[in-house]
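# Descriptive analysis of the structure
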Amino acid sequence: EAQVTQNPRYLITVTGKKLTVTCSQNMNHEYMSWYRQDPGLGLRQIYYSMNVEVTDKGDVPEGYKVSRKEKRNFPLILESPSPNQTSLYFCASSSGLAGGPYEQFFGPGTRLTVL
Amino acid sequence: AQKVTQAQTEISVVEKEDVTLDCVYETRDTTYYLFWYKQPPSGELVFLIRRNSFDEQNEISGRYSWNFQKSTSSFNFTITASQVVDSAVYFCALFLYNFNKFYFGSGTKLNVKP
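Because the structure is a prediction, the values reported are computed rather than measured. (Residues numbered from 1 in each chain as written. Chains lettered and ligands numbered in written order. Predicted model: local features only at pLDDT ≥ 70, side-chain atom pairs only at ≥ 80, totals over all residues. Heavy atoms only, no water.)

### Some thoughts on the overall build of chain B
Using the following cut-off: Under the DSSP-based scheme used, a helix requires at least four consecutive residues in state H or I and a strand at least two consecutive residues in state E, with every element numbered from the N terminus. Throughout this description, buried means an accessible area under 20% of the type-specific maximum (1.4 Å probe, protein chains only), exposed means over 50%, and partly exposed covers the range between. By definition in these notes, contact holds between two residues if any of their heavy atoms fall within 4.5 Å. Values of accessible area rely on a 1.4 Å probe in the Shrake-Rupley scheme; residue burial ignores everything except the protein chains shown. In summary, the charge assignment counts Lys and Arg as positive and Asp and Glu as negative, without counting His or the chain termini. To locate a charge, the coordinates of NZ of Lys, CZ of Arg, CG of Asp or CD of Glu are taken.
For chain B, the count of helices and strands is 0 helices and 12 strands. The order of helices and strands in chain B, counted from the N terminus, is β-β-β-β-β-β-β-β-β-β-β-β. For chain B, the spread of C-alpha atoms along the three principal axes comes to 45 × 25 × 20 Å. Burial status across chain B gives 49% buried among its 114 residues. Sequence separation of 24 or more characterises 55% of the internal contacts of chain B that already satisfy a separation of 6 or more. Here chain B displays about 5500 Å² of accessible surface, and carbon together with sulfur accounts for 47% of that area. If you average the places of the 11 positive and of the 12 negative side-chain charges in chain B, the two averages end up 4 Å apart.

### What about the interface of chain A and chain B?
Note the threshold: Throughout, buried area stands for the accessible area (probe radius 1.4 Å) lost by two parts on being put together, summed over both. Two N or O atoms form a polar contact when they lie within 3.5 Å of each other; inside protein one atom must be a possible hydrogen donor and the other a possible acceptor, and for residues adjacent in sequence the pair counts only when both atoms belong to side chains.
With 23 residues of chain A at the interface, the matching set in chain B holds 19 residues. Summed over both partners, the interface of chain A with chain B comes to about 1800 Å²; 58% of that surface belongs to carbon and sulfur atoms. The interface formed by chain A and chain B includes 6 residue pairs in polar contact (both at pLDDT 80 or more). The element contributing the most residues to the side of chain A that touches chain B is strand β5 (residues 42-51) of chain A, with 5 residues.

### Considering the nonpolar core
Where we set the bar: For our purposes a nonpolar core is just a set of buried Ala, Val, Leu, Ile, Met, Phe, Trp, Tyr and Cys residues, chained together by side-chain atoms within 4.5 Å.
Within the largest apolar cluster, 26 residues are counted, with the highest numbers of intra-cluster contacts made by Trp36(B), Trp66(B), Phe77(B), Tyr90(B) and Leu110(B). Counting residues per element, the ones that place at least two in this core are β2 (10-14), β3 (19-21), β5 (32-39), β6 (46-52), β8 (64-69), β9 (74-79), β10 (88-96) and β12 (108-113) of chain B. Within the second largest apolar cluster, 19 residues are counted, among which are Val4(A), Cys23(A), Tyr47(A) and Leu78(A).

### Topic: the environment of Thr108(B)
Residues and elements named next belong to chain B. Considering the arrangement of structural elements, one finds Thr-108 in strand β12. Accessibility expressed as a relative area gives 0% for Thr-108, which makes it buried. Between the alpha carbons of Thr-108 and Arg-63 there is a distance of 18 Å; along the sequence they are 45 residues apart. Each residue touching Thr-108, except ones within four places of it in the same chain, is listed here: Gln-6, Gln-8, Thr-9, Ile-11, Leu-21, Ala-88, Val-89 and Tyr-90. A polar contact of 2.6 Å, which involves the side chain of Thr-108, links it to the backbone oxygen of Gln-8.

### Some words on the packing of aromatic side chains
Rules: Classification of ring pairs uses Phe, Tyr and Trp, with its six-membered ring standing for Trp, and accepts pairs whose centres are within 6.5 Å; under 30 degrees between planes counts as stacked, over 60 as edge-to-face, and the remaining range as tilted. Counting as a charge over the ring demands two things of the Lys NZ or Arg CZ atom: a distance within 6 Å of the ring centre and an angle within 35 degrees of the ring normal.
Considering all chains together, one arrives at 26 aromatic pairs over all chains under this definition. Sitting over the ring of Tyr103(B), Lys3(B) keeps its end group 5.3 Å from the ring centre.

### Description of the sheet that holds strand β3 (residues 19-25) of chain A
Residues and elements named next belong to chain A. Put simply, the rule reads: DSSP-based pairing: two strands are paired if at least 2 bridges between them are found.
The 4 strands lie next to each other as β1-β3-β8-β7, forming an open sheet whose pairing is antiparallel. In this open sheet, the two strands that pair with only one neighbour each are β1 (4-7) and β7 (65-66). Both β1 and β3 contribute to a ladder of 4 bridges, which runs antiparallel. When the sheet's bridge partners are listed, Thr-5 is paired in β3 with Ser-24.

### Structural notes on the pattern of salt bridges
Filter applied, for reference: By convention in these notes, a salt bridge is any Lys or Arg side-chain nitrogen within 4 Å of a carboxyl oxygen on Asp or Glu.
Scanning the model with the defined rule gives 6 salt bridges over all chains in all. A salt bridge links Arg44(A) to Asp38(A), with the nearest nitrogen and oxygen atoms 2.8 Å apart. Take Asp38(A): its relative accessible area is 11%, and that puts it in the buried class. Salt-bridge contacts for Arg63(B) lead to Asp86(B); the nearest nitrogen and oxygen are separated by 2.8 Å.

### Focus: the layout of surface pockets
Which entries qualify depends on this criterion: In this analysis, the protein atoms alone were mapped onto a 1 Å grid. Cavities are point sets where a 1.4 Å probe fits without being able to get out; pockets are open sets with protein on both sides within 12 Å along at least five of seven lines; lining residues have an atom within 4 Å of a point. Grid points are joined across faces, edges and corners, and a volume is the space filled by probe spheres set on the points. Charged residues are taken to be Asp, Glu, Lys and Arg, nonpolar residues to be Ala, Val, Leu, Ile, Met, Phe, Trp, Tyr, Cys and Pro, and polar residues to be all remaining types, Gly included.
By volume, the largest pocket amounts to about 680 Å³. Surrounding the largest pocket, 31 residues form its lining, Gln37(A), Leu88(A), Arg111(A), Gln39(B) and Val89(B) being those nearest its centre. Those elements that provide at least two residues to the lining of the largest pocket are β4 (31-38) and β9 (87-94) of chain A together with β10 and β12 of chain B. Split by residue class, the lining of the largest pocket holds 11 nonpolar, 14 polar and 6 charged.

Fair warning: the whole summary comes from geometry, so function is off the table for now.
So this is what it looks like as structure tokens:
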């Protein structure tokens, strides 16, 4: 089954404690992306990756890091989380970059609370 | 700067009514893609449609239809004869080809009452 998986689904942590949210896709997609969803703001792109070892900033990259060492995985790293990073996070992947992206497949979301 | 505006924060209709969700985008690029996604109460994001900037043909899929007008930078979504299962948050999104970035609107919450 084609899917994007994220782990963990729920996470409560404290300020400053480094964490990683994993994302994996099994569709051989080139493009992967991380979003955060906040009430009234919709989804905002944090980072994206065009392919292995190619990553770039989205609209709200501050406080986040990513890596793309393998095509299927795109982890999101919060080195020193702060309460303003409390949010719902989605990972997504899509193909078809040369002719424009096709639909993005989204993971189920990770609800992060930073105390 | 807001690149995608969904001015309707929340809309309530009664079942079987038609409803149009507005989406206005902003870009100077000539190559871009527009999308609509549905987020039901369960939280997942469901793809509805993709349109490129060179194809202004309107599209109909069952009870759903989309009106793309470059002259007004709008990509509106109409649900005909709405049903309770249409209740969800709907997002419009813009992909800028030259920047490889996605921009989402803030979403419109649609409540369809029986």
